[in-house]
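Structure assessment
Listed below, chain by chain, are the residues.
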Amino acid sequence: MRTQVAIIGAGPAGLLLSHLLHLQGIESVVLETRTRDEIESTIRAGVLEQGTMDILNETGVGARMRAEGALHHGFELAFDGRRHRIDLTELTGKAITVYAQHEVIKDLVAARLEAGAQMLFGVRDVAPHGVDTDRPYVTFTRDGTEERIEADFIAGCDGFHGVTRPALPQDGRNDYQRVYPFGWFGILVEAPPSAPELIYARHERGFALVSTRSPTVQRMYFQCDPKDNVDNWSDDRIWAELHARLENRDGWQVTEGKIFQKNIVAMRSFVSTPMQSGRLFLAGDAAHIVPPTGAKGMNLAVSDVRLLAAGLDAFYRRGSTGLLDRYTDDALKRIWRAEYFSWWMTSMLHTFADASPFQREVQRAELENVVNSRALATALAENYVGAF
């Protein structure tokens, strides 16, 4: 098999890259170890920045997002028994849409199938080769038969545990990481929304978050021990914890419902550089991870592939390698700002077991400053909506 760009991974990064390349007249093949049903049914968070909303709309895959996504013009910070609204639109002129990642994937898969794209699901033993030559290729097994795709470029969009980052030369690599001493216990609930917008809550028992997936399915999280087990948490215990952490002096209450999924999410910040070598380029979680507090994961993947698609377009249209040569440098400008914001939100809102009384009071004062200073609230809002 022969193509121009071999894309490993059919998450948001790989599928959007394939879609953007198609619009530019560039051929690609997408390889994915999971089945189509698996990638379309794995429910994950989806807070879309203004820029992500714009690119989906501009490229013709935003219709269902506009119809079914929840457009939010703000969110709330809760602490000390009170809730404070951050008005994103008033502060920045922009908004966010809550639209789950697997729904974005469904829209992109549908668009690629309509265009006759080659997407190979359920393949095994995927491996990139010759990345530092001008004839890279990818081997894989499909239905028990080993196959090979020759390409001009390989895009590694296969996530943190994928095969592409380890395929980059290790000399000169730098990995930056912070593993947080807590995780998030997440639940999916059959219930109407508890609140019209997201609520980020700091409590002495730990952080909690009220989010949404649809008018009938809600997503909630609370800070937990990352080594805990979901079997230790009955539904009654979960609801008692959420009520304790989220409810305040105004009488508002969490809306309970049938819990149909429980999981524990580990928390880490991670960046691996450079994001390229020769003809292999990384995008999305293959190159970086952010804690979910800042709602930046999928948005960073979109930012990466927008840059990569522009670089590949310049190469095929004009023979120019300038954008590709500086892909890592250009991508890292946005990545490190998002890493900082996600770290800051995580540090401000979570309870740290080893924090001194002084540190806890400073943390509370920081939240007071954010909700009482227009300048600080604007900085938070700009980072949250991606207005930079």
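A few points on the structure.

Rules of the game
Residues numbered from 1 in each chain as written. Predicted model: local features only at pLDDT ≥ 70, side-chain atom pairs only at ≥ 80, totals over all residues. Heavy atoms only, no water. Helix = DSSP H or I, 4+ residues; strand = E, 2+ residues; numbered from the N terminus. Buried < 20%, exposed > 50% of the residue type's maximum accessible area, 1.4 Å probe, protein only. Contact = heavy atoms within 4.5 Å. Areas by Shrake-Rupley, 256 points an atom, 1.4 Å probe, with all protein chains shown as cover. Lys, Arg positive; Asp, Glu negative; His and termini not counted. Charge placed at Lys NZ, Arg CZ, Asp CG, Glu CD. Pairing = 2+ DSSP bridges. Axes fitted to C-alpha atoms, helices over the stretch in contact; angles between N-to-C directions. Parallel < 35°, antiparallel > 145°, perpendicular 65-115°, else oblique. Nonpolar A, V, L, I, M, F, W, Y, C, P; charged D, E, K, R; others polar. Phe/Tyr/Trp six-rings, centres within 6.5 Å; stacked < 30°, edge-to-face > 60°. Lys NZ or Arg CZ within 6 Å of the ring centre and 35° of its normal. Salt bridge = Lys/Arg side-chain N within 4 Å of Asp/Glu carboxyl O. Polar contact = N/O pair within 3.5 Å; in protein donor to acceptor, adjacent residues only side chain to side chain. Left-handed = near helix turned anticlockwise from the far one by under 90°.

Comments concerning the overall build of the chain
Summing up its helical and strand segments, the chain has 13 helices and 20 strands in all. Its C-alpha atoms put the chain at 65 × 40 × 40 Å along the principal axes. The buried share among the 388 residues of the chain stands at 55%. At a minimum sequence separation of 6, the contacts of the chain that also span at least 24 residues come to 72%. Of the roughly 16500 Å² that the chain leaves accessible, carbon and sulfur atoms contribute 48%. Across the chain, the 42 positively charged side chains and the 51 negatively charged ones have centroids separated by 2 Å.

Some points on the sheet that holds strand β19 (residues 280–282)
Hydrogen bonds along the backbone pair up the strands of a sheet, which may run parallel or antiparallel. Taken in spatial order, the six strands make up an open sheet running β8-β2-β1-β12-β19-β18, and their pairing is mixed. Of all strands in the sheet, those with a lone pairing partner are β8 (118–121) and β18 (276–277), marking the two edges. Of the pairings in the sheet, the one linking strand β2 (residues 28–32) to β8 comprises four bridges and is parallel in character. Across the sheet, valine 30 pairs through a bridge with methionine 119, a residue of β8.

Looking at the packing of helix α12 (residues 357–372) against helix α13 (residues 374–385)
Close contact between α12 and α13 brings their axes to 5 Å; oriented N to C, the two are set at 95 degrees. Classified by the interaxial angle, the pair formed by α12 and α13 is roughly perpendicular. Judged by residue contacts, Asn369, Val370 and Asn372 of α12 engage Arg374, Leu376, Ala377 and Leu380 from α13. The residue inventory of the contact of α12 with α13, partitioned by class, reads four nonpolar, two polar and one charged.

Focus: the sheet that holds strand β17 (residues 258–273)
Reading across the sheet, the eight strands line up as β6-β5-β14-β15-β16-β13-β17-β20 and stay open at both edges, with mixed pairing between neighbours. Looking at which strands have only one partner, the edges of the open sheet turn out to be β6 (82–87) and β20 (288–289). In the sheet, strand β13 (residues 174–190) pairs with strand β16 (residues 217–224) via eight bridges, with the strands oriented antiparallel. By the bridge assignment for β16, glycine 186 is matched with tyrosine 221. Helix α8 (residues 235–246) contacts β13, β14 (199–201), β15 (208–212), β16 and β17 of the sheet and is inclined by roughly 80 degrees relative to β16.

Observations concerning the pairing of strand β10 (residues 137–142)
Pairing analysis gives four bridges linking strand β9 (residues 124–129) to β10, with the strands arranged antiparallel. Paired with proline 128 across the two strands is valine 138, which belongs to β10. Pairing of β10 with strand β11 (residues 145–150), which is carried by six bridges, proceeds in the antiparallel orientation. Bridging from a neighbouring strand, valine 138 pairs with isoleucine 149 of β11.

Regarding the packing of aromatic side chains
Applying the stated criterion across every chain, the model contains 21 aromatic pairs. With centroids separated by 5.0 Å and ring planes inclined at 90 degrees, the aromatic side chains of phenylalanine 153 and phenylalanine 315 adopt a geometry described as edge-to-face. Placement of phenylalanine 153 in strand β12 (residues 153–156) and of phenylalanine 315 in helix α9 (residues 297–318) is noted, with a sequence separation of 162 residues between them. For phenylalanine 153, a relative accessible area of 3% corresponds to the buried category. For phenylalanine 315, a relative accessible area of 21% gives the class partly exposed. When the centroid spacing of 4.7 Å and the interplanar angle of 45 degrees are considered together, the rings of tryptophan 184 and tyrosine 221 count as tilted. Linking tryptophan 184 in strand β13 with tyrosine 221 in strand β16, this pair joins segments that are 37 residues apart in sequence. The burial state of tryptophan 184 is the same as that of tyrosine 221; both residues are buried. Put simply, the rings of Phe75, Trp184, Tyr200, Phe207, Tyr221, Phe341, Trp344 and Tyr384 touch in pairs and so form one group of aromatic residues. Residue placement shows lysine 296 over the ring face of tyrosine 384; its charged tip is 5.5 Å from the ring centre.

What about the pattern of salt bridges?
According to the stated counting rule, one finds 25 salt bridges in the structure shown. Salt-bridge contacts for glutamate 68 lead to arginine 64; the nearest nitrogen and oxygen are separated by 3.1 Å. Placement of the pair is glutamate 68 and arginine 64 together in helix α4 (residues 63–68), with a separation of four residues, close to one helical turn. The network of salt bridges with common partners includes Arg64, Glu68, Glu103, Lys106 and Asp107.

Concerning the environment of alanine 208
Relative to the elements of secondary structure, alanine 208 occurs in strand β15. Non-local contacts of alanine 208, meaning those with residues more than four positions away in its chain, are made with Ile199, Tyr200, Ala201, Tyr221, Phe222, Arg245 and Leu246.

A short note on the side chain of aspartate 158
Relative to the assigned elements, aspartate 158 resides in the loop between β12 and α7 (164–167). Despite being buried, aspartate 158 has no salt bridge partner; arginine 165 is the closest side chain of opposite charge, sitting 7.0 Å away. In this structure the side chain of aspartate 158 is engaged in a polar contact, spanning 2.7 Å, whose partner is the backbone nitrogen of valine 163. Looking at aspartate 158, its side chain comes within polar contact range of the side chain of threonine 164, at 2.5 Å. Among residues more than four places away in sequence, those in contact with aspartate 158 are Ile8, Gly9, Val163, Thr164 and Ala286.

Quick look at the packing of helix α1 (residues 12–23) against helix α6 (residues 101–114)
Two elements in contact, α1 and α6, have axes whose closest approach is 10 Å; the angle formed by their N-to-C orientations is 35 degrees. Seen along the crossing, α1 lies across α6 with a hand that is left-handed. Judged by residue contacts, Pro12, Leu15, Leu16, Ser18, His19 and His22 of α1 engage Gln101, Ile105, Leu108, Val109, Ala111 and Arg112 from α6. Residues that form the contact of α1 with α6 fall into these classes: seven nonpolar, four polar and one charged.

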